[in-house]
Amino acid sequence: MDLTLCSTHRDLIEQFWRTANDGDWSAFEALLSPDVVYLVPQTRERIRGREHFVEFFRSWPEAWRAELTRCIVDERGAVSVIDFLTARGSETGISFFELRDGQITEIRDFWPSEYEPPQRMIAAVERY
C-alpha cells in the first residue's frame with residue numbers, strides 16, 4: 001500500500017469537510033473533478049458536474065455542520081463517516097469517495113436513518 005498516497009487521500013477528505021463547514025466554496029470546488037458525480041442511492045438523487053454539486057451543498061435549506069468522525073483511505077479512494085448537525089439534531093452520514101489525480105471524482109452518500117430529502121430549488125438534482 002502506498003502510504004504517501006493514502007495520506008494525501010486522507011488530507012483531501014479532511015479538507016473537503018473543512019471547506020464545506022467553512023463555506024469556502026471556491027476551495028471546496030477546487031477539490032472536485034469538473035465531471036464529479038454525486039449519488040444518494042437512498043433517495044435516488046444524482047448531481048453531475050462540480051458547479052452543480054457546489055450549489056447543492058451551498059444551498060442546503062438550513063444551517064448545518066459536518067463533524068468527521070472516521071476516515072478510511074486506500075490507494076483508490078476513501079470512506080468518511082460524519083455527524084451531520086442541524087438545529088433538528090444529528091444524523092450519521094457515510095460517504096464513499098472515488099479519487100483520481102488529487103481530486104474527487106465520485107461521491108456516494110448513505111444515511112442509515114430514513115429521511116425524505118428537503119425540497120431543493122436547484123435544477124441539477126436528477127432522480128434516477
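Not measured: the values here are computed from a predicted model.

A. Highlighting the packing of aromatic side chains. This model, assessed by the stated rule, comprises 18 aromatic pairs. A centroid spacing of 5.2 Å and a plane angle of 75° characterise the contact between Phe16 and Phe97, whose relative ring orientation is edge-to-face. Taken together, the positions of Phe16 in helix α1 (residues 3-22) and Phe97 in strand β5 (residues 89-100) put the pair 81 residues apart, joining distant regions of the chain. Take Phe16 and Phe97: they sit in the same class, and that class is buried. Relative to Trp111, the ring of Phe84 has its centre 5.6 Å away and its plane inclined at 75°; by these criteria the two rings are edge-to-face. Taken as a pair, Phe84 in strand β4 (residues 77-86) and Trp111 in the loop between β6 (103-110) and β7 (126-127) lie far apart in primary sequence, 27 residues in all.

B. View of the nonpolar core. Residues Phe16, Phe28, Phe53, Phe57, Phe97 and Ile104 are the most contacted members of the largest nonpolar core, which totals 33 residues. Ranked by the residues each element gives to this core, the list is headed by α1, at 6 residues. Dropping the residues within four chain positions of it, Phe28 is found in contact with Phe16, Thr19, Ala20, Phe53, Val54 and Phe57.

C. Region of the structure containing the environment of Leu99. Counting through the fold element by element, Leu99 comes out in strand β5. Residue Leu99 is classed as buried on the basis of its relative accessible area, which comes to 11%. Expressed as a C-alpha distance, the spacing of Leu99 and Ala78, which sit 21 residues apart in the sequence, is 7.7 Å. Those residues in contact with Leu99 that lie beyond four places of it in its chain are His9, Leu12, Ile13, Arg76, Gly77, Ala78, Ile104 and Thr105.

D. Examining the side chain of Thr105 more closely. Looking at where Thr105 falls in the secondary structure, it is placed in strand β6. Note on Thr105: relative accessible area 12%, which makes it buried. Non-local contacts of Thr105, meaning those with residues more than four positions away in its chain, are made with Ser33, Asp35, Val36, Val37, Glu98, Leu99 and Arg100.

E. Spatial organisation of the pattern of salt bridges. The full count for this structure, using the stated rule, is 4 salt bridges. Notably, a salt bridge pairs Glu62 with Arg88, separated by 2.4 Å at the nearest N-O pair. With Glu62 in the loop between α3 (50-58) and β3 (65-73) and Arg88 in the loop between β4 and β5, this pair connects stretches of sequence that are 26 residues apart. The exposure class of Glu62 is partly exposed, given its relative accessible area of 25%. By relative accessible area, which is 61% here, Arg88 ends up exposed. Ionic pairing is found between Glu106 and Arg108, a salt bridge with its closest N-O pair at 3.0 Å. Judged by its relative accessible area of 16%, Glu106 is buried.

F. Representation of the sheet that holds strand β1 (residues 32-40) in the model. With mixed pairing, 7 strands are arranged side by side in an open sheet as β3-β4-β5-β6-β1-β2-β7. One side of each edge strand has no neighbouring strand; the edge strands of this open sheet are β3 and β7. Bridging between β1 and β6 involves 4 bridges; their strand directions are parallel. Bridge pairing links Val37 to Glu106 in β6.

Rules of the game
- Residues numbered from 1 in each chain as written.
- Predicted model: local features only at pLDDT ≥ 70, side-chain atom pairs only at ≥ 80, totals over all residues.
- Heavy atoms only, no water.
- Phe/Tyr/Trp six-rings, centres within 6.5 Å; stacked < 30°, edge-to-face > 60°.
- Helix = DSSP H or I, 4+ residues; strand = E, 2+ residues; numbered from the N terminus.
- Buried < 20%, exposed > 50% of the residue type's maximum accessible area, 1.4 Å probe, protein only.
- Core = buried A, V, L, I, M, F, W, Y, C linked by side-chain atoms within 4.5 Å.
- Contact = heavy atoms within 4.5 Å.
- Salt bridge = Lys/Arg side-chain N within 4 Å of Asp/Glu carboxyl O.
- Pairing = 2+ DSSP bridges.

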